[in-house]
Amino acid sequence: QVQLVESGGGLVQPGGSLRLSCAASGSIFSRNAMNWFRQAPGKQRESVATISYGGITNYRDSVKGRFTISRDNAKNTVYLQMNSLEPEDTAIYYCNKPWASPTDFWGQGTQVTVSS
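Residues numbered from 1 in each chain as written. Predicted model: local features only at pLDDT ≥ 70, side-chain atom pairs only at ≥ 80, totals over all residues. Heavy atoms only, no water.

Caption draft 1: Representation of the sheet that holds strand S4 (residues 34–39) within the structure. With mixed pairing, the six strands of this open sheet are ordered in space as S2-S10-S9-S4-S5-S6. Looking at which strands have only one partner, the edges of the open sheet turn out to be strand S2 (10–12) and strand S6 (57–59). Here the strands of the sheet are splayed against their neighbours by 25° on average, with no regard to which way each runs. Pairing of strand S5 (residues 46–51) with S6 involves three bridges; the strand directions are antiparallel. For Ile51, the partnering residue across the bridge sits in S6 and is Thr57. (Pairing = 2+ DSSP bridges. Helix = DSSP H or I, 4+ residues; strand = E, 2+ residues; numbered from the N terminus. Axes fitted to C-alpha atoms, helices over the stretch in contact; angles between N-to-C directions.)

Put into structure tokens, the structure is as follows:
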């Protein structure tokens, strides 16, 4: 069964922190790189961070130094620690394989709202 369940979002003030989690089915997670994406209202979905099966990471420039992606291969779970959040980080956050297309299976996402 294909499964992607994102959680951990919420409302936070600028400068605050959140930790997102994504539980994935083995068919998606197994020995694959994993990605966090986000989609803000009226904008296209964009890649935020990538982690290889072995733990090599890559980030979009706007989140470097603030976000940290990690994974627990035993739990089929990927995380996104987000610090120093900015209003521009407001979006729905999704996880998936880095090459996932719009027609692939996607989870429901988790809403992150950064506002005072």
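Caption draft 2: Summary view of the pairing of strand S10 (residues 110–114). Alternating positions in S10 separate cleanly, Thr110, Val112 and Val114 being buried on one face and Gln111 and Thr113 remaining unburied on the opposite face. Where S2 and S10 come together, three bridges link them in parallel fashion. Looking at S10, one finds that Val12 is bridged to Val114. Pairing analysis gives three bridges linking strand S9 (residues 91–96) to S10, with the strands arranged antiparallel. Bridge assignment links Ala91 to a residue of S10, and that residue is Val112. (Buried < 20%, exposed > 50% of the residue type's maximum accessible area, 1.4 Å probe, protein only.)

Caption draft 3: Broad picture of the state of the cysteines. For the structure shown, the criterion picks out one disulfide. Disulfide pairing places Cys22 opposite Cys95 at an S-S distance of 1.7 Å. Linking Cys22 and Cys95, the disulfide has an S-S dihedral of approximately 45° and is accordingly described as right-handed. Here the residue Cys22 occupies a position in strand S3 (residues 18–24), and Cys95 occupies one in strand S9, the gap between them amounting to 73 residues. Each member of the pair Cys22 and Cys95 is classed as buried. (Disulfide = S-S within 2.5 Å.)

Caption draft 4: Region of the structure containing the pattern of salt bridges. In total, this model carries six salt bridges according to the counting rule given. As a salt-bridge pair, Asp89 and Arg38 come within 3.0 Å of each other at their nearest N and O atoms. With Asp89 in the loop between strand S8 (77–82) and S9 and Arg38 in strand S4, this pair connects stretches of sequence that are 51 residues apart. Taking the relative accessible area as the measure of exposure, Asp89 reaches 1% and is therefore buried. Between Glu86 and Arg66 there is a salt bridge; the shortest N-O distance is 3.8 Å. With Glu86 in the loop between S8 and S9 and Arg66 in the loop between S6 and strand S7 (67–72), this residue pair connects regions lying 20 residues apart in the sequence. For Glu86, a relative accessible area of 32% gives the class partly exposed. Using a relative accessible area of 10% as the deciding quantity, one classes Arg66 as buried. (Salt bridge = Lys/Arg side-chain N within 4 Å of Asp/Glu carboxyl O.)

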